Every structure is written in C-alpha cells, then in structure tokens.
Amino acid sequence: MARYIFITGGVVSSLGKGLASAALGALLQARGYSVRLRKLDPYLNVDPGTMSPFEHGEVFVTDDGAETDLDLGHYERFTGVAARKTDSVSSGRIYSTVLEKERRGDYLGKTIQVIPHVTNEIKDFIKIGDDEVDFMLCELGGTIGDIEGLPFFEAIRQFSQDKERGQCIFMHLTLLPYLNAAGELKTKPTQHSVKELRSIGIAPDILVCRSERPIPKKERDKLALFCNVRPDSVIAAEDMESIYDAPLRYHNEGLDTAVLAAFGITDAPAPKLGIWNDVSERVHNPEGSVKIAIVGKYIQLEDAYKSIKEALTHGGMFNRVKVQVEWVDAEVFDSSDVAERLTGFDGILVPGGFGERGTEGKIKAAQFAREHKVPYLGICLGMQMAVIEAARNLAGLTDAGSEEFDHESGNKRFTPVVYHLKEWVEGNRTVQRDVADDKGGTMRLGAYNATLKEGSQVAGIYGTTEISERHRHRYEVDIKYREQLEDCGLVFSGMSPDGRLPEIVEIPDHPWYIGVQFHPELKSKPFEPHPLFRDFVKAAVEQSRLV
Ligand code: GLN
C-alpha cells in the first residue's frame, strides 16, 4: 500500500509546486523507492484540452490519450514515469462524474452533497493504483483559500483519516517575501496560510519556503514555532538558475530526509544522485551556444511551449551547448520580410497549433528553412505547414492548404492537402469522429505506433524503424499527394502501421529538414533527450559552424 504525500500551496500561486513535487519524486526514486505523481486541479473545466494555451499553457498529452496539465510534464521529465489518464483530475471531471451517476440513479434517490459524494469521488480517484508504488505524490492545484479548492482539501483531510496513522503526510509550499525597507524575509504570510490550512483540519508536516535569499536560522525557528512543524522540516527553496538543479538543491536542504522522517523512515538507503549530478553539470557548463527560432502563435506565454523549450534544453545538454531560444510571432511575416527576421538562426522550429491565424507566416518560415538549408523541425501543425509549403512551391499545387482553415472560415478556398480525419484505427478498434463533435477529447490523442522507412534519416536518428509517439490533432496529411510530393524531394519516411497516415516527412537533399505529425517533445527527459531534439540541436551546432 502506497504512502501518500499531499502537496499544497499558500500565499501566492506560481510557486513551483509542480517542480518541487517532481524533484521530490526524483529524490525518492534516487533512494530506491517507486513513485507516481498526481495532480488534482480545482478549476471547473473537465480537462485542460479546451483551455487556451495563452491562459493555461501547454496541454500535456499522456500515452493513454489524456489531455492534462503541464505539471504532468515536469513529473515525467524528472521521474521518467509515464503519466496516465488517472494521474490528473479537475473539479469539472469530478462533478461531471457525480452528476452522471446521479442521472443514472446510482445514488438511489439520496440528496447529493459535496460531503460525502464529491469528496468520495475525489478519494476514489486518489486511491487508483495505490498498490503499485511505494509513494504516491498528489499535488493540489491552486492556493489554500481558493473557493473551488475546498472539496479537494476536505477530501485529502478525510483520506488521511481513512488511512493508517503515518501513511499520509502534508507538505505545504509558501513564499517568504523580502521587504527591502525592513531588510527582512517576512514569515507572516506563511503563518497565515498555515493557519488557514489548520482551520480545515490539515496540519502540514513539511514547509517548503520559496525565497529570493537564504533563510536565516532565526526565521526558520520562528516558522517552526508558529507553524507547528519541526525546525528541520522547514525547507528553504531559494530561486535557482536552472530547474534541473532542483533535485540536488532540495536534497542539500534536507527535503527527502525530512519527508522520510515524517513517515518514521530513518533507515532509507542514501540517494544515488549520479544522474542529477551529471544533468546539473551539463546545464551549467555548456561549451558553446546555438540560436533557435520558434515560430509560433502563442509566444506571449512561454508556458504554451513548455515541453518544446525543455526538450531543446535537453538536446543542448547532450551536445554540450546552450540553446538560446528566440520566440518569433508567425504573424510578423504578414508585414515583414522573412529573411530579415530569420537570417542568423542555427535552426528553425515550427511548433503545434490550432486555427488559421499565423499559418501563412509558418509556411514562409518552412520555405525559408528549406531554401536556405537551415535545420528545420516541424511539429504537428509545423509538419502540416511544411507539407503545404512543398505542395505549393515544389509540386505546383498553388492553392494547397488545410481543411482546418476552410472549416474555420466556412469557405472552400484550399485544395485540402491536409484534411480532417474522421475515422482511424486505435489498437484493434476503429474510432469515428465528425467535425461537429464536441471540442474536448475528440482528436487523435495519445500514443500511436509508426513505421519508419529503412535507410531514412529518421530511422538513423531513432536507431529503429518501429516507434511510438504521442499525438494530439484532428487533421492529417493526405496520402494521395505522396507520390507527387516525393517526386519533388519531400519523402514520407514515417507512416502509421496500416500505411494510411503520414507520420514523418523529410527532405534528404537538405542538411536537416524533418516534420513530424506527433509531439516528440512530450517524451524528452534531461537524462534521456529525445532522439529528434538531440539530433536537431546537433544539426544546429553544425549550422552554427557554417556561419
Ligand atoms: N491544428 C492541427 C490539427 O488539429 C495541428 C494540431 C497540433 O499542432 N497539435 O491537426
């Protein structure tokens, strides 16, 4: 039976709860324990799939096809444990399940209430798979005091009572603001947030305090006294240069020791931190740098491309270079010259996206990369744009486009080289969808296999011809243009196993030009960079030597 660590946040949002949880997961693994991380989100959306990337950042897709919060990306990057559908839940999902049950009559006419019906649903969720791991880490989204969060806090309180004494602990993250005028780190907001937590019956065992500067002993002792935690359970989390320092830094601050002690475990093996020493060493000692342009649409919020940014960093760590990312708004090419903006980059990456806005700019970026022999990585929409570019400018299909844009505008303007897929095979069943279906969860989502062409560039990069990658899209490149495009030099080097859906395109007569229909960034780890990002950054290094 797993031991549970509940991670909550107070004072302000964006404290890095996800990162702290992920780092703690990695430290427990380093001591030989198995872990799983979970996120409980209080918002009312059923999942983040329909939320704007501008507002919520990237949607992280799991192998089993769930559209989840980007914190699950942190969890995977630090622990290597593939997240599942059952590792992310929101109030919206919980309430919709409770209401479905009510409609079905499952509650036998009882009055449905937050306690016990909603809290029971949350507790059932938390329990899933608890016999599989040593530690289950559950992070609660939001901040203590948020009105939507209350049922979750109540549920974890009850949960710890339902379990044996000592099977659950609570870790609370807060902020110690520094007041210049007083020359002090202030502990009062933390005291208040712990008070709030205790007023609903949760007494934190561990306090993780974010601060801009070291926490003097006096403040630690004060926090311990006023918040009723042990002094060695007040963990300082100073700002760090790289997120990949987090496991080492938290270990040095004694987080894993304090957590184990809170469970009464004093004989745990010492952690094996070799991979994190290596990761940290690589992050801090690059031997050069490369400049990559990400030509996208959601560039105002970098979190919208979180995993891509991290995957590039991983590729850089492998090649021992710092990857300098510059965000380029695809729409600038409506009014400015591509060459002027994109000259001087060692690589161009066009990420995924939805809707027509900015797509002409992305097509121009793909054309620039192809014609000027700059390494190009097109991801999902970025692959579709590369195909449309080749169809227009190499194959003479001047009105090539995507059905997505025609659906959006309600006009038929394009030859649909990229079309809406309504039926596909998933495992041994056929999935059918229509344009008019709900927006949530109706895409080709999650892990699908692809077969790579023997001798192709991608087969060389992956070192195999059978791969599995995560998808999240509605539209597909139409196989009927394959011959025409291959005659012009754009090779379909990866296909779905049934040969119907193009998964990868590449241009052999180019130093590095690859488009993929899936999201390789979701599977990259600092200690195991994704092959495509590893190789793309390598190509960028070679390109940087040319200029
Ligand atoms: N909008 C495109 C589609 O649905 C691409 C999606 C993506 O880039 N994730 O097919």
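Residues numbered from 1 in each chain as written. Predicted model: local features only at pLDDT ≥ 70, side-chain atom pairs only at ≥ 80, totals over all residues. Heavy atoms only, no water.

J.: Can you lay out the sheet that holds strand β22 (residues 475-477) for me, pointing to particular residues and giving the numbers?
T.: The strand order across the open sheet formed by 3 strands is β16-β17-β22, and the pairing between neighbours is mixed. Here the strands that pair on one side only, and so sit at the sheet edges, are β16 (400-402) and β22. Taking each pair of neighbouring strands and ignoring which way they run, the sheet shows an average axis angle of 35 degrees. Alignment of strand β17 (residues 415-420) against β22, held across 3 bridges, turns out to be antiparallel. Of the residues in β22, the one forming a bridge with Tyr419 is Glu476. Of the strands in this sheet, β16, β17 and β22 are in contact with helix α15 (residues 381-393), which crosses β16 at around 160 degrees. (Pairing = 2+ DSSP bridges. Helix = DSSP H or I, 4+ residues; strand = E, 2+ residues; numbered from the N terminus. Axes fitted to C-alpha atoms, helices over the stretch in contact; angles between N-to-C directions. Contact = heavy atoms within 4.5 Å.)

J.: Mind laying out the sheet that holds strand β2 (residues 35-41), listing which residues take part and the relevant values?
T.: With parallel pairing, 7 strands are arranged side by side in an open sheet as β5-β2-β6-β1-β7-β10-β11. If you trace the sheet from one side to the other, it starts and ends with β5 (88-90) and β11 (234-238), each paired once. Across the sheet, the axes of successive neighbouring strands diverge by a mean angle of 20 degrees, strand direction being ignored. When strand β10 (residues 206-211) meets β11, the two strands line up parallel, connected through 5 bridges. By the bridge assignment, Ser211 is partnered in β11 with Glu238. Sheet strands touched by helix α8 (residues 217-227): β10 and β11. Its angle to β11, the strand with the most contacts, is close to 130 degrees. Along the sheet, helix α10 (residues 255-262) contacts β1 (3-9), β6 (135-140), β7 (168-175), β10 and β11; its crossing angle with β10, the most-contacted strand, is approximately 160 degrees.

J.: Explain the site of the ligand to me, and be specific about the residues and the numbers.
T.: Around the ligand, a shell composed of Gly352, Gly353, Phe354, Cys380, Leu381, Gln384, Glu404, Arg472, His473, Arg474, Tyr475 and His519 is seen. Within the side chain of Glu404, an N or O atom sits 2.7 Å from a nitrogen atom of the ligand. Within the side chain of His519, a nitrogen or oxygen atom sits 3.3 Å from a nitrogen atom of the ligand. Coverage of the ligand by the protein chains reaches 99% of its 300 Å² of free accessible surface. Broken down by secondary-structure element, the contributors of at least two residues to the shell around the ligand are α15 and β21 (466-473). Taken together, the residues of the shell around the ligand sort by class into 4 nonpolar, 5 polar and 3 charged. (Near = heavy atom within 4 Å. Polar contact = N/O pair within 3.5 Å; in protein donor to acceptor, adjacent residues only side chain to side chain. Areas by Shrake-Rupley, 256 points an atom, 1.4 Å probe, with all protein chains shown as cover. Nonpolar A, V, L, I, M, F, W, Y, C, P; charged D, E, K, R; others polar.)

J.: So what's going on with the pattern of salt bridges? Which residues, and what values?
T.: As enumerated under the stated definition, the model contains 36 salt bridges in all. Its salt-bridge partner being Lys217, residue Asp221 comes within 2.6 Å of it at the nearest N-O pair. Here Asp221 and its partner Lys217 are both found in helix α8, 4 residues apart, which amounts to about one turn of the helix. Across the pair Arg482 and Glu486 runs a salt bridge, and its minimum N-O distance is 3.3 Å. Of this pair, Arg482 and Glu486 both sit in helix α18 (residues 482-487), separated by 4 residues, roughly a single helical turn. Residue classification places Arg482 among the partly exposed positions, given a relative accessible area of 25%. A relative accessible area of 25% places Glu486 in the partly exposed class. What you see here is one network of salt bridges that share partners, running through Lys39, Asp41, Asp69 and Asp71. (Salt bridge = Lys/Arg side-chain N within 4 Å of Asp/Glu carboxyl O. Buried < 20%, exposed > 50% of the residue type's maximum accessible area, 1.4 Å probe, protein only.)

J.: So what about the side chain of His519? Which residues, and what values?
T.: Assignment of secondary structure puts His519 in the loop between β25 (513-516) and α19 (531-546). When its relative accessible area of 11% is taken as the criterion, His519 is described as buried. When sequence neighbours within four positions are dropped, the list of residues in contact with His519 reads Gly352, Ile379, Cys380, Glu469, Arg470, His471 and Arg472.

J.: Give a description of the packing of helix α4 (residues 91-104) against helix α5 (residues 114-127) that names residues and reports values.
T.: Taken N-terminus to C-terminus, the directions of α4 and α5 make an angle of 115 degrees; their axes are 9 Å apart at the nearest point. At the point where α4 passes α5, the crossing takes the right-handed sense. On the side of α4, the interface is formed by Ile94, Tyr95, Thr97, Val98 and Lys101, while α5 contributes Val114, His117, Val118, Glu121 and Ile122. Looking at side-chain class alone, the contact of α4 with α5 contains 6 nonpolar, 2 polar and 2 charged residues. (Left-handed = near helix turned anticlockwise from the far one by under 90°.)

J.: Please set out the environment of Pro531 residue by residue, giving values where relevant.
T.: The residue Pro531 is located in helix α19 in this model. Pro531 gets classed as buried once you look at its relative accessible area, which sits at 18%. In this structure, the C-alpha to C-alpha distance between Pro531 and Lys101, residues 430 residues apart in sequence, is 45 Å. Beyond its immediate sequence surroundings of up to four residues, Pro531 is in contact with Ile461 and Tyr462.

J.: Mind laying out the pairing of β6, listing which residues take part and the relevant values?
T.: Counting buried residues in β6 gives 6 out of 6 residues, a clear majority hidden from the surface. The alternating pattern of β6 places Phe135, Leu137 and Glu139 on one face and Met136, Cys138 and Leu140 on the opposite face, and all of these are buried. Taken together, the 5 bridges between β1 and β6 define a ladder with parallel strand orientation. Looking at the pairing, Ile7 lines up with Glu139 of β6.

J.: Describe the environment of Ser307, with residues and values.
T.: When you line up the elements, Ser307 lands in helix α12 (residues 306-319). Between the alpha carbons of Ser307 and Leu522 there is a distance of 5.9 Å; along the sequence they are 215 residues apart. Excluding its chain neighbours within four sequence positions, the residues that come into contact with Ser307 are Glu58, Phe60, Arg77, Glu521 and Leu522. Within the structure, Ser307 has its side chain in polar contact with the side chain of Glu58 (distance 2.5 Å).

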